[in-house]
2 protein chains.
Amino acid sequence: MLLQIDHHSGQPIYRQVAEQIRRQILAGHLAEGEQLVSVRELAGQLKVNPMTISKAYGLLEAEGLLERRRGVGLFIARVRPDRRSAGKSQLLEQILAKAVAAAVQFDIPETEVHALTERLFERYSSRIRRDEHE
Amino acid sequence: MLLQIDHHSGQPIYRQVAEQIRRQILAGHLAEGEQLVSVRELAGQLKVNPMTISKAYGLLEAEGLLERRRGVGLFIARVRPDRRSAGKSQLLEQILAKAVAAAVQFDIPETEVHALTERLFERYSSRIRRDEHE
DNA sequence: CCAACTGTATTACTGTTATAATACAGTAGG
DNA sequence: CCTACTGTATTATAACAGTAATACAGTTGG
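Trainee: Go over the pairing of strand β3 (residues 73-76) of chain A with me, naming the residues and quoting the values.
Mentor: Residues and elements named next belong to chain A. Only one face of β3 is covered, namely the one carrying L74 and I76; the face carrying G73 and F75 has none of its residues buried. By the bridge criterion, 2 bridges tie strand β1 (residues 35-36) to β3 in an arrangement that is antiparallel. Residue pairing for β3: Q35 is matched across the bridge by F75. Where strand β2 (residues 66-69) and β3 come together, 4 bridges link them in antiparallel fashion. Bridging from a neighbouring strand, E67 pairs with F75 of β3. What sits between the antiparallel neighbours β2 and β3 is a turn of 3 residues, in which G71 has the positive phi angle 90 degrees.

This is the structure we're talking about:
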């Protein structure tokens, strides 16, 4: 599991970690029942305190996305497909709504937003294709 | 000037204020040379400490969007049209890029993003029409 | 000059975050 | 049983960011 943390983003580490894992779970990159890397392991990888990771996992457990079994490890919870789908839509809509709000305020026409979206899609899709080849 | 601050958003007040004024300047709702409400006045409206507002204005001054004259007040700086246009595009692209990144990660097709964008445009445009009637 | 308004620097308080060290709690396997 | 893993709670410390209170500094107009 590749995680990146930015110490200068202003966002606390534990939330960055939680956000990235949350997305991977929603995207289905982590299957139900799958075991996650241990607290100490991930803390070692990211060169961060174990309690910081535990705090991140705590957020996800509160959302019902994973289960913690003391002495055993961390496991992806059963997320019903409809809930996962809803979670994805909701997250996307939240972000997209900000973009549309800005466009309306700036008097940028919808057609231009569509065009920009298209360009960004090309950019991101090609980046993913590149990553998959590594 | 209508400003709203959310004490529970996690975002610091001074950045919320700066962001909202920045957008109004870029949108052209505040004309060049126009005087802004004073630090104490705005602080009073928002029930916030004057220094918090001063800090927000400081960000905007650093960006060249306004000028501060001690003893006199705050004034919208001359912003060249091309810079303003670039500022708007850049801000929109930043936000939209996050949405596209999420869509790609969640394997949500571009067509669906377009459809959602359309729906959001309708929602926001009607909200603005409603506000203008008040 | 001085009153009343501007913005601002200084200082201090507070909450959050991150870290560290330690000890505890539960499970699996030899 | 005991070792070696799991995750967790506690406590203390440090650093930092945000906010606030106060006092200071500059301008204007009577």
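Trainee: Describe the packing of helix α2 (residues 39-46) of chain A against helix α3 (residues 50-62) of chain A, listing the residues and the values that go with them.
Mentor: Residues and elements named next belong to chain A. Orientation of α2 relative to α3, taken along the N-to-C sense of each, is 115 degrees, at an axis distance of 8 Å. Where α2 crosses over α3, the two elements pack in a sense that is right-handed. Listed contacts from α3 to V39, R40, L42 and A43 of α2 are P50, T52, I53, S54 and Y57. Residues that form the contact of α2 with α3 fall into these classes: 6 nonpolar, 2 polar and 1 charged.

Trainee: Describe the sheet that holds β1 of chain A, naming the residues involved and giving the relevant values.
Mentor: Residue and element names in this part refer to chain A. One open sheet accounts for 3 strands, arranged β1-β3-β2; its pairing is antiparallel. At either margin of the open sheet sits one strand with a lone partner, and together these are β1 and β2. Packing against the sheet, α3 makes contact with β2 and β3, and its axis sits at approximately 125 degrees to β2.

Trainee: Account for the interface of chain A and chain B, with residues named and values stated.
Mentor: Contact with chain A, which involves 30 residues of that partner, is made by 31 residues of chain B. When grouped by side-chain class, the residues that make up the side of chain A that touches chain B number 21 nonpolar, 4 polar and 5 charged.

Trainee: Account for the protein's contact with DNA strand C, with residues named and values stated.
Mentor: The immediate surroundings of DNA strand C are formed by 24 residues, with P12, I13 and G71 of chain A together with S38 and V39 of chain B found nearest. Elements with a contribution of two residues or more to the surface near DNA strand C: α1 (13-27) and α3 of chain A together with α2 (39-46), α3 (50-62) and β2 (73-76) of chain B. The element best represented in the surface near DNA strand C is α3 of chain B, accounting for 4 residues. For the surface near DNA strand C, the class distribution of residues is 12 nonpolar, 7 polar and 5 charged.

Trainee: Could you give an account of the nonpolar core, naming the residues involved and the relevant values?
Mentor: By size, the foremost hydrophobic cluster in this structure holds 18 residues, and its most contacted members are A99 and A103 of chain A together with A99 and A103 of chain B. Counting only elements with at least two residues in this core, the list comes to α4 (81-106) and α5 (110-132) of chain A together with α4 (81-105) and α5 (110-132) of chain B. Not counting the four nearest positions on each side in its chain, A99 of chain A is found in contact with L92, I95, L96 and A99 of chain B.

Trainee: So what about the packing of α4 of chain A against α4 of chain B? Which residues, and what values?
Mentor: Running from amino to carboxyl end, α4 of chain A crosses α4 of chain B at an angle of 160 degrees, the nearest separation of the two axes being 9 Å. By the criterion of interaxial angle, the relationship of α4 of chain A to α4 of chain B is roughly antiparallel. As for the relative orientation of α4 of chain A and α4 of chain B, their crossing is left-handed in sense. Taken together, the residues of α4 of chain B that come into contact with α4 of chain A (itself represented by L91, L92, I95, L96, K98, A99, A102, A103 and F106 of chain A) are K88, L91, L92, I95, L96, K98, A99, A102 and A103 of chain B. For the contact of α4 of chain A with α4 of chain B, the per-class residue count stands at 15 nonpolar, no polar and 3 charged.

Parameters and conventions
Residue numbers restart at each chain and count upward from 1, following the sequence in its written direction. Chain letters start at A and ligand numbers start at 1, both assigned in the order the entries are written. Reporting of local features is limited, given that this is a predicted model, to residues whose pLDDT is at least 70; pairs of side-chain atoms are given and counted only at 80 or more, and all residues count toward the totals for whole chains, interfaces and linings. Note on burial: count the other C-beta atoms lying within 10 Å of the residue's C-beta; 20 or more is buried, 12 or fewer is exposed, in between is partly exposed, and C-beta positions come from the backbone. Strands here are runs of E lasting at least two residues and helices are runs of H or I lasting at least four, both read from the DSSP assignment and numbered beginning at the N terminus. One requirement defines pairing of two strands: DSSP has to find at least two bridges between them. Axes here refer to lines fitted to C-alpha atoms; in helices the fit is confined to the stretch in contact. Angles between the N-to-C directions go from 0 to 180 degrees. Two helices that cross are described as forming a left-handed crossing if the nearer one is turned anticlockwise from the farther one by less than a right angle, and a right-handed crossing if clockwise. Contact criterion: two residues are in contact if their C-beta atoms, reconstructed from the backbone, are within 7 Å. By the convention adopted, Pro, Cys, Tyr, Trp, Phe, Met, Ile, Leu, Val and Ala count as nonpolar, Lys, Arg, Asp and Glu as charged, and the other residues, Gly among them, as polar. Using a C-beta atom placed from the backbone for every residue, we mark a residue as near a molecule or strand if that atom lies within 6 Å of it. In plain words, the nonpolar core is the set of buried Ala, Val, Leu, Ile, Met, Phe, Trp, Tyr and Cys residues that C-beta atoms within 7 Å link up. An angle below 35 degrees is treated as roughly parallel, one above 145 as roughly antiparallel, one from 65 to 115 as roughly perpendicular, and anything else as oblique.

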